[in-house]
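Coordinate inspection notes
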Amino acid sequence: MAQRHAVVIGASVGGLLAARALSDHYERVTVLDRDRLPGRAAPRRGVPQGRHVHALLSSGGTALDALFPGFLDELAARGVPSGDSQGDHHMYLDGRLMAPADSGLVLHGVTRPLLELLVRARVSVLPGVTITDGCEATGLAGTGPAARSPARVTGVRVRERAGRARESVLGADLVVDAAGRGSRAPQWLDALGCPRPAESAVDAHVVYATRHYRYEPGLLGGRLGTTIVPYPGCPRGGVAVRQEDGLFAVVLVGVFGEEPPADGAGYAAYARSLAAPDVAEAVESAEPLGEPARTRYPRGVRRHYERLPAHPAGFLALGDALCGFNPVYGQGMTVAALEADLLGRLLRRAPGPDPDTPELPRRFFAEAAALVDRPWSLAAGSDLAFRSASSRPALLDRYLARLRAVCAADPAVATRFLRVAHLLDPPSALLAPAVVLRVARARRPGG
């Protein structure tokens, strides 16, 4: 039996995908966003990441196509280029080119504004779904925990951003926080007398600058793109990728003190300093279509709702409101799609969890934590490697360094690495006996 009303805070990709999952189980779904949402593919204030390069990983594309059948075909029809992550895309690990091969892992060169526009168009026509823009969520309505009953979220306090900006309460059976890394839900829960979730944070100190160019055939040898990953000893990196509408985007990255310049000449000089020439060659041969846009990302933050001693009924969080990743690794949109898929599966599970109890939040946060563990461990592990001492055992660090080096010579090991990066396999897959044996037997790179 369908529940009555679900409210989603945030109409970015994560919020829209949550609305899609909820639409099969709720009579009404309302999506709120403080921005005025554009009718075309354009960056907007509430999504500063929209100006930068994004990656839709293979697992994310599969999840989107499951939520919206035919979505990947729609991307192709809109001119979004795609290619094999290993065969049509160069990746440099620790300065070495990963061995090219056909991995079966597809990357899609779609801009964030176009992806959001297409998802929003799909969601807006779903029965019972309403997207309300120019409307800011200012708090949660509900009751705090009592002796024999859990806390209960019963709605959202909202304020229109135009006119008199009057505040009102929008009642809901379920509220989903998809407000991104700026989520204020922990403070709102605290105001209801609920404990705030514990947080884990990893300092990233990332500064990145994206510039768009006009794509000309032959750039990067006709490949979809290239990625040069920063590593200890070389804290500069870059990504170049073909996109729709004849665009070619480049993002230059600096970590722990390195900052790519925002002027054209400095941008090109920074590109020449990278560990491989691919990005610089593209920057120096393509026609720029504007100045670089620069953003800082100080740290990744994970909120451990799964550790709460008691879960407020009627409340969930997903996307960056649950866990914000270092954007260098391109995981955010894919993780949001996987979390929305998880939400849909939980709501379909029989007997279905009832939002009037803490059972749905308990199940969702527990399973979402397991889902987030994979990308979080990858991103956090890479960021920690830039510190003077890693939190991992020295033997494991040495093994992973050798594995990355072997990726330059052994396509099979490289594919295994990419399957983990695309969130299809857990990081433990890199410790499988067959992989360890190939790494141990491989000729020492440079030897």
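Residues numbered from 1 in each chain as written. Predicted model: local features only at pLDDT ≥ 70, side-chain atom pairs only at ≥ 80, totals over all residues. Heavy atoms only, no water.

Under an unreviewed UniProt entry, the name given to the protein chain is FAD-binding monooxygenase, and the organism recorded is Streptomyces tremellae.

What follows covers the overall build of the protein chain. When its secondary structure is counted, the protein chain shows 12 helices and 19 strands. In summary, the protein chain has a C-alpha radius of gyration of 22 Å against a globular reference of 22 Å for 447 residues, a match within 12%. In terms of principal-axis extent, the alpha carbons of the protein chain reach across some 70 × 45 × 40 Å. In the protein chain, which comprises 447 residues, the proportion classed as buried is 53%. (Helix = DSSP H or I, 4+ residues; strand = E, 2+ residues; numbered from the N terminus. Rg over C-alpha atoms; globule rule 2.2 N^0.38 Å. Buried < 20%, exposed > 50% of the residue type's maximum accessible area, 1.4 Å probe, protein only.)

A separate point is the pattern of salt bridges. For the structure shown, the criterion picks out 27 salt bridges. Of the charged contacts in the structure, one is a salt bridge between Arg272 and Glu284, with a shortest N-O distance of 2.6 Å. Of this pair, Arg272 sits in helix α6 (residues 264-272) while Glu284 sits in helix α7 (residues 278-285), placing them 12 residues apart in sequence. Classification of Glu284 by relative accessible area gives partly exposed; the value is 46%. The salt bridge involving Arg302 is made with Asp373; its shortest N-O contact spans 2.8 Å. Pair noted here: Arg302 is in strand β17 (residues 293-304) and Asp373 is in helix α9 (residues 359-384), with a separation of 71 residues, a long-range link. Each of the salt bridges in this network shares a partner with another, and the network as a whole consists of Arg34, Glu136, Arg159 and Arg184. (Salt bridge = Lys/Arg side-chain N within 4 Å of Asp/Glu carboxyl O.)

Counting across every chain of the model gives 6 aromatic pairs. Judged by centre distance (6.0 Å) and plane angle (40 degrees), the rings of Phe68 and Phe71 are tilted. With relative accessibility at 3%, the residue Phe68 sits in the buried group. Relative accessible area serves as the criterion here: at 0%, Phe71 is assigned to the buried category. Directly above the ring of Tyr215 sits Arg242, whose terminal nitrogen or CZ lies 5.5 Å from the centroid. (Phe/Tyr/Trp six-rings, centres within 6.5 Å; stacked < 30°, edge-to-face > 60°. Lys NZ or Arg CZ within 6 Å of the ring centre and 35° of its normal.)

For the pair helix α1 (residues 13-23) and helix α4 (residues 112-124), the least separation of the axes is 10 Å and the interaxial angle reads 25 degrees. Between α1 and α4, the crossing angle belongs to the class labelled roughly parallel. You can see that α1 and α4 cross each other, and the crossing is left-handed. In this structure, α1 uses Val13, Leu16, Leu17, Ala19 and Arg20 to contact α4, whose residues at the interface are Arg112, Leu115, Glu116, Val119, Arg120 and Val123. Among the residues making up the contact of α1 with α4, the classes are represented as 7 nonpolar, no polar and 4 charged. (Axes fitted to C-alpha atoms, helices over the stretch in contact; angles between N-to-C directions. Parallel < 35°, antiparallel > 145°, perpendicular 65-115°, else oblique. Left-handed = near helix turned anticlockwise from the far one by under 90°. Contact = heavy atoms within 4.5 Å. Nonpolar A, V, L, I, M, F, W, Y, C, P; charged D, E, K, R; others polar.)

On to helix α11 (residues 411-421), then. Every buried residue belonging to α11 is among Val413, Ala414, Thr415, Phe417, Leu418 and Val420, and all of these are buried. For α11, the N-terminal capping position is held by Asp410, with its side-chain oxygen 2.9 Å away from the main-chain nitrogen of Ala412. Among the residues trailing α11, Leu423 stands out with phi positive, at a value near 65 degrees. (Polar contact = N/O pair within 3.5 Å; in protein donor to acceptor, adjacent residues only side chain to side chain.)

With that settled, the discussion passes to unusual backbone geometry. Although it is not a glycine, Leu220 sits at a positive phi angle of roughly 55 degrees. Within the fold, Leu220 resides in the loop between β12 (198-214) and β13 (225-228).

So, about the environment of Asp94. The residue Asp94 is located in the loop between β4 (89-93) and β5 (96-97) in this model. Among the polar contacts made by the side chain of Asp94, one reaches the side chain of Arg404 at a distance of 3.0 Å.

Turning to its location among the elements, Gly290 is positioned in the loop between β16 (287-288) and β17. For Gly290, a relative accessible area of 32% puts it in the partly exposed group. Taking C-alpha positions, Gly290 is 42 Å from Arg28, a pair spaced 262 residues apart along the chain. Once residues lying within four places of it in the same chain are set aside, the contact partners of Gly290 are Arg211 and His212.

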